[in-house]
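Architecture at a glance
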Amino acid sequence: TQRHNRKEAMAAAQSSIERALELVGLTGVEDKLQDNVRESLEKLRHAGIRIWMLTGDKVETAVCIAVSSRLAERSQQFFTITGLASVADASKRLNALRRRNGEDVVVVDGSSLQIMLDNYPHEFMEQMCRASSAVACRCSPTQKAAIARLVQNQMKKRVAAIGDGGNDVSMIQRANVGIGIPGKEGQQASLAADFSILTFSHLNRLLLWHGRNSYKRAARLSQFIVHRGLIIATIQIVHCAMYYYAAVAVYNSWIQVGYATLFTMLPVFSLVLDEDISEWVADTYPELYRELRKGRSLNTKSFLTWVFKSVYQGTVIMVWPQKHVRAVQ
């Protein structure tokens, strides 16, 4: 295999082989928007999620799809980066993109995208993240995976990749969360993804409802586990301090095993099955999803709050009965 000038060598090999060919027939796969795509994209935008479209279609087709799917509002303009031939041209278009207010939809083709990724990866991705939406046309599977990697590593963002074809597999596997949709192109994307949905409209329920519940429940459960173990640890520490730091267990070993399993089993199930809002509210008001991005359910403040509760409760459980018994005696 040739490593240097690989693209030029492949183009030369193709031009030498594809000569004097006779067209026998053409095959095609019908590709159209699914139902409720517009409503789904609108709710995702209201939830504060940036939406990029990476496609292998040409620029005109991709722009038509972006308009018909409401990826771009009617009042928005398209900032196109197409036909770049040199690094100087890429620098000029990048400077022009910087002067925009970030309200336009950026459209870039495959060749221009490769020049940007090779020469200005960080600056280009920074400006792309400032835009309301982005459309990348004539993208190869390698370019799709590279975009997902750059957004993760350089922009420190979490990426969810949705695809329905075999050319989306590399992007799906590179993203933080891969979502596959089985379609007429096969099951490759669905089998390679973390989650599989039948239609694109199911993405709202997956993110706005199940994603919300998963984050909320995981945050509460993890902090409750720390809270539960820290209470009994505080009781043991206070007991040793009251009796001159004698190495004596305050509870029997079987009681401690039962405390971690049987006695505190119901709170665990209540946290796992807890729902702060109904599914209808989460779907009707997608703006509630924005609160999850602030990380208020699981951060340093909430963790220290649980630690303070654990120390306080463990101290009261151990000290108050001792004082009460002494007062009675």
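Notes on the structure in this doc start here. These numbers were taken from a predicted model, which means no experiment stands behind them.

Within a sheet, adjacent strands bond to each other through the backbone by hydrogen bonds, running parallel or antiparallel. Pairing in this open sheet of three strands is parallel, and the strands run β5-β6-β7 from one edge to the other. Edge positions in the open sheet fall to β5 (160–163) and β7 (195–196), since each of these has one partner strand only. Pairing geometry for strand β6 (residues 177–180) and β7, over two bridges, is parallel. When the sheet's bridge partners are listed, G180 is paired in β7 with S196.

I81, L113, M116, L117, F124 and M125 are the most contacted members of the largest nonpolar core, which has 36 residues in total. Broken down by element, this core gets its largest block of residues, five residues, from helix α7 (residues 141–153). If you look at the next biggest cluster of nonpolar residues, it comprises 21 residues, including L41, L44, I51 and V107.

Bringing helix α4 (residues 87–98) into the picture now. Relative to the 16 Å expected for 12 residues at 1.5 Å per residue, α4 spans 16 Å between its end C-alpha atoms, a close match to the ideal helical length. Of all the residues in α4, the buried ones are A90, L94, A96 and L97. Projection of α4 onto a plane perpendicular to its axis shows the buried side chains occupying an angular sector of 160°, all on one side. Along its buried surface, α4 packs onto β2 (78–81), β3 (105–108), α5 (110–119) and α6 (121–130).

It is worth spelling out the pattern of salt bridges at this point. Inspection of the entire model under this criterion finds nine salt bridges. The partner of K43 in a salt bridge is D283, with the nearest N and O atoms 2.9 Å apart. Of this pair, K43 sits in helix α2 (residues 37–46) while D283 sits in helix α13 (residues 279–284); the two residues are 240 residues apart in sequence, bridging distant segments of the chain. Accessibility expressed as a relative area gives 25% for K43, which makes it partly exposed. A relative accessible area of 30% places D283 in the partly exposed class. Between R100 and D104 there is a salt bridge, with its nearest N and O atoms 2.6 Å apart. Here R100 falls in the partly exposed class, since its relative accessible area comes to 32%. With a relative accessible area of 12%, D104 lands in the buried category. In this structure, a network of salt bridges that share partners links the residues E291, K294 and R296.

Analysis parameters
Residues numbered from 1 in each chain as written. Predicted model: local features only at pLDDT ≥ 70, side-chain atom pairs only at ≥ 80, totals over all residues. Heavy atoms only, no water. Pairing = 2+ DSSP bridges. Helix = DSSP H or I, 4+ residues; strand = E, 2+ residues; numbered from the N terminus. Core = buried A, V, L, I, M, F, W, Y, C linked by side-chain atoms within 4.5 Å. Buried < 20%, exposed > 50% of the residue type's maximum accessible area, 1.4 Å probe, protein only. Expected span 1.5 Å × (residues − 1). Arc of directions from axis to C-beta. Contact = heavy atoms within 4.5 Å. Salt bridge = Lys/Arg side-chain N within 4 Å of Asp/Glu carboxyl O.

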